Amino acid sequence: MQRRHFRTLILGAGAAGLMAGAHCGPDTLIVDHAKAPGEKIRISGGGRCNFTNIYCDSSQFLGQNPHFHKSALARYTQWDFIDLVSRHGIAWHEKTLGQLFCDGQATQIIDMLMKELDKSGTTLWLNTSVRECAHRDGRFVTRVENAGQDIEITSDFLILATGGKSIPKMGATGLAYDIARDFGHEVTETRPALVPLTFDKGRFAPLAGVSSKALIRNDKTGFEEALLFTHRGLSGPAILQISSYWREGEAIEIDLLPGLDLATHLRRARHASGRRAVTTELGQLLPARLVSFLAEVSDLTGNLADLSDVRIASIAQAFKAWSLKPTGSEGYRTAEVTLGGISTSELSSKSMESRKVPGLYMIGEAVDVTGWLGGYNFQWAWSSAMAAAGHI
Ligand code: FDA
């Protein structure tokens, strides 16, 4: 067996691992079982990578400890990452709600991180499987396999950056959780998040492809963004966002006309244009296919003049407080992130270092910190990586 020593070994060449590798100082090795680094960066943001959010603050993150992420995010902020991106001459734009995307391709962010990695002299081994990881005589001993060769790597520091379980097809595994457990760390319950919600087969099939702005609520929170109907259920940013707060068996409530007092609107319309069909009036506010669908389930026939105040109130209820019970979610197959992960209770929020095993660090999505949709998860990857790198 070949033996090598590096000061720092990083497991995972995703967003967090590459960022840490570029800033850990010399004598650092990153290993990853994938054949290319930063694969999720490459496919993120529809190929343009929503790399941060200008409104990033601690309120857009979930985790068992609602304060844990504050320190890292405050010390390496969205403005620091924007500065890095700008120094590399990458053009970007704000799409909506503070979400920053590359004007060009997401691969620009990977290229930028690879240039930073080169500058720091960090070594990257791809196509490398991790076989075993232990801590002996004050050193980490990690056995990996690369091109059929068994290699034992000793290191003074070990950073776990292998992400969460979302999209196994892209190489996501629970490796960080397993290693963390082996080192005595707790892992909180993990579940798919930022994920489409599913409904009884075919329920929304007639609406597949229809999109509309909506306010989606449950008893914990609410998001006003686009809602998309699909063959299998509901998707779009508003649904992905609420999915992080939804649990099996719970209902969600959809306001299809946020900001509009529909009952008052219909009473005025009844007065001004009583001979207009109810569906025509609603068709001016919402996509026609959506109105036809709801017309069938809520019996929307007749003209505005035919509507009593009680009927108007029930139509307003149907459109502004549409209560639906998802049967499930699309799961890790399409989830953008994993909710839960390595418990933060045994990690330093300043450095991401284990309180149990000195020299062991955990960063990125593997940790029980999950951001909203909109660039927050990458910002957590950058910030947590910088917290660890700055401490090593
Ligand atoms: P990440 O998953 O990036 O990296 C982990 C690395 O570890 C991978 O390279 C993997 O191959 C490697 N690895 C895993 N198991 C291993 C094992 N057993 N052995 C060796 N290596 C192993 N976020 C955002 O802020 N803006 C956005 O636009 C998007 N868009 C987006 C789209 C899609 C389709 C997805 C799935 C996700 C997003 N995200 C996002 C979320 C974002 O991609 C995610 O939060 C970060 O990539 C997390 O970075 P990490 O480095 O922690 O894990």
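- Identification of the protein as NAD(FAD)-utilizing dehydrogenase from Pseudoponticoccus marisrubri is taken from an unreviewed UniProt entry.
- On record in UniProt, under Cofactor (unreviewed entry), the comment for the protein is "FAD".

### What about the sheet that holds strand S14 (residues 222-229)?
Thinking step 1. Read from one edge of the open sheet, seven strands run S17-S16-S13-S14-S15-S12-S18, paired in antiparallel fashion. Two strands in the sheet have a free side with no partner beyond their single neighbour: strand S17 (322-324) and strand S18 (328-329).
Thinking step 2. Across seven bridges, the pairing between strand S13 (residues 211-217) and S14 is antiparallel. The residue of S14 that forms the bridge with Leu215 is Glu224.
Thinking step 3. Against the sheet, helix H11 (residues 309-320) touches S13, strand S16 (252-255) and S17, its axis set at about 115° to S16.

### Quick notes on the packing of aromatic side chains
Thinking step 1. Scanning the model with the defined rule gives 17 aromatic pairs in all.
Thinking step 2. Note on Phe6 and Trp125: the rings are 6.1 Å apart at their centroids and 90° apart in plane angle, and the pair reads as edge-to-face. Highlighted residues: Phe6 in strand S1 (residues 2-11) and Trp125 in strand S7 (residues 123-125), separated in sequence by 119 residues.
Thinking step 3. On the basis of relative accessible area, Phe6 is assigned to the buried category, the value being 4%.
Thinking step 4. Given the relative accessible area of 15%, Trp125 is considered buried.
Thinking step 5. Ring centres of Phe81 and Trp382 lie 4.2 Å apart, and the angle between their planes is 5°; on these two criteria the pair is classed as stacked. Here Phe81, found in helix H4 (residues 78-87), pairs with Trp382, found in helix H12 (residues 376-391); they are 301 residues apart in sequence, far enough to count as distant.
Thinking step 6. With a relative accessible area of 0%, Phe81 lands in the buried category.
Thinking step 7. The side chain of Lys95 reaches across the aromatic face of Phe101, ending 4.8 Å from its centre.

About the criteria used
- Residues numbered from 1 in each chain as written.
- Predicted model: local features only at pLDDT ≥ 70, side-chain atom pairs only at ≥ 80, totals over all residues.
- Heavy atoms only, no water.
- UniProt positions renumbered as here; feature names shortened; annotations may be inferred.
- Pairing = 2+ DSSP bridges.
- Helix = DSSP H or I, 4+ residues; strand = E, 2+ residues; numbered from the N terminus.
- Contact = heavy atoms within 4.5 Å.
- Axes fitted to C-alpha atoms, helices over the stretch in contact; angles between N-to-C directions.
- Phe/Tyr/Trp six-rings, centres within 6.5 Å; stacked < 30°, edge-to-face > 60°.
- Buried < 20%, exposed > 50% of the residue type's maximum accessible area, 1.4 Å probe, protein only.
- Lys NZ or Arg CZ within 6 Å of the ring centre and 35° of its normal.

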